[in-house]
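Here is how the chains run, residue by residue.
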Amino acid sequence: VSSWGSNIDGTGRSPANFSTAGITYIIQNNATPTTSGAWTVSGTGSIVKVGNGSSGITFTAGGNLTFNCNLEITGNATLSMGSNNLTLSGDFIRSASSAGFSQTAGSASTVEFSGNSQEVNVTTLNGTTPTDSDITFNHVTVSGSDVKFFYFKTNDRKMNINNLTVNSSAVLTLYSNPQ
């Protein structure tokens, strides 16, 4: 928590922890930030936001990420999981960008959607600009009771899900816009 600050440049008051409710953590003042290990954000109603929507940024996970909150990847930002796992129990919101999300192909990395009534939104920036790039999840596990994938494609871009596991009592519904 000591590397976080309340000001845009990262200075200012640091949060007490990553478990306080209703905090937005914006990763924006470094073009290539990397965690030094596993990171958990568990505050109810909190958001982890990668990027500011305009500056290019690639956030690399240096360990497993567990977000019991919403995760938003803004335009011009990328979350790179490498071979680390992402467990998300809030909404996954991917705004229009050139990359957005990456996993090392063929790795043991798994994205687990564990929330109940969870929406995985691979959609638009502020509801106006359609996503214009493919997104690939190489290993996905769904353990939530009502997980919905929403993907709104343009220009024949695709959402690819490889190695999908839906645990017993989990429910996954896929939605896409008609083209």
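Our subject is the structure listed above.
Reading the values: rules and limits
Residues numbered from 1 in each chain as written. Predicted model: local features only at pLDDT ≥ 70, side-chain atom pairs only at ≥ 80, totals over all residues. Heavy atoms only, no water. Pairing = 2+ DSSP bridges. Helix = DSSP H or I, 4+ residues; strand = E, 2+ residues; numbered from the N terminus. Axes fitted to C-alpha atoms, helices over the stretch in contact; angles between N-to-C directions. Buried < 20%, exposed > 50% of the residue type's maximum accessible area, 1.4 Å probe, protein only.

**What about the sheet that holds strand S16 (residues 140–142)?**
- Sheet architecture is open: six strands sit in the order S2-S5-S8-S11-S16-S19, paired in parallel fashion. The open sheet has two free edges, formed respectively by strand S2 (39–41) and strand S19 (164–166), since each of these has just one partner strand. Each strand of the sheet is rotated relative to its neighbour by a mean of 10 degrees, with strand direction disregarded.
- Pairing geometry for strand S11 (residues 111–113) and S16, over three bridges, is parallel. Looking across to S16, one finds that glutamate 112 is bridged to threonine 141.

**Remarks on the pairing of strand S1 (residues 24–27)**
- Here S1 shows a buried face lined by Tyr25 and Ile27 and an unburied face lined by Thr24 and Ile26.
- Of the pairings in the sheet, the one linking S1 to strand S3 (residues 47–50) comprises four bridges and is parallel in character. Directly across from threonine 24, in S3, lies its bridge partner isoleucine 47.

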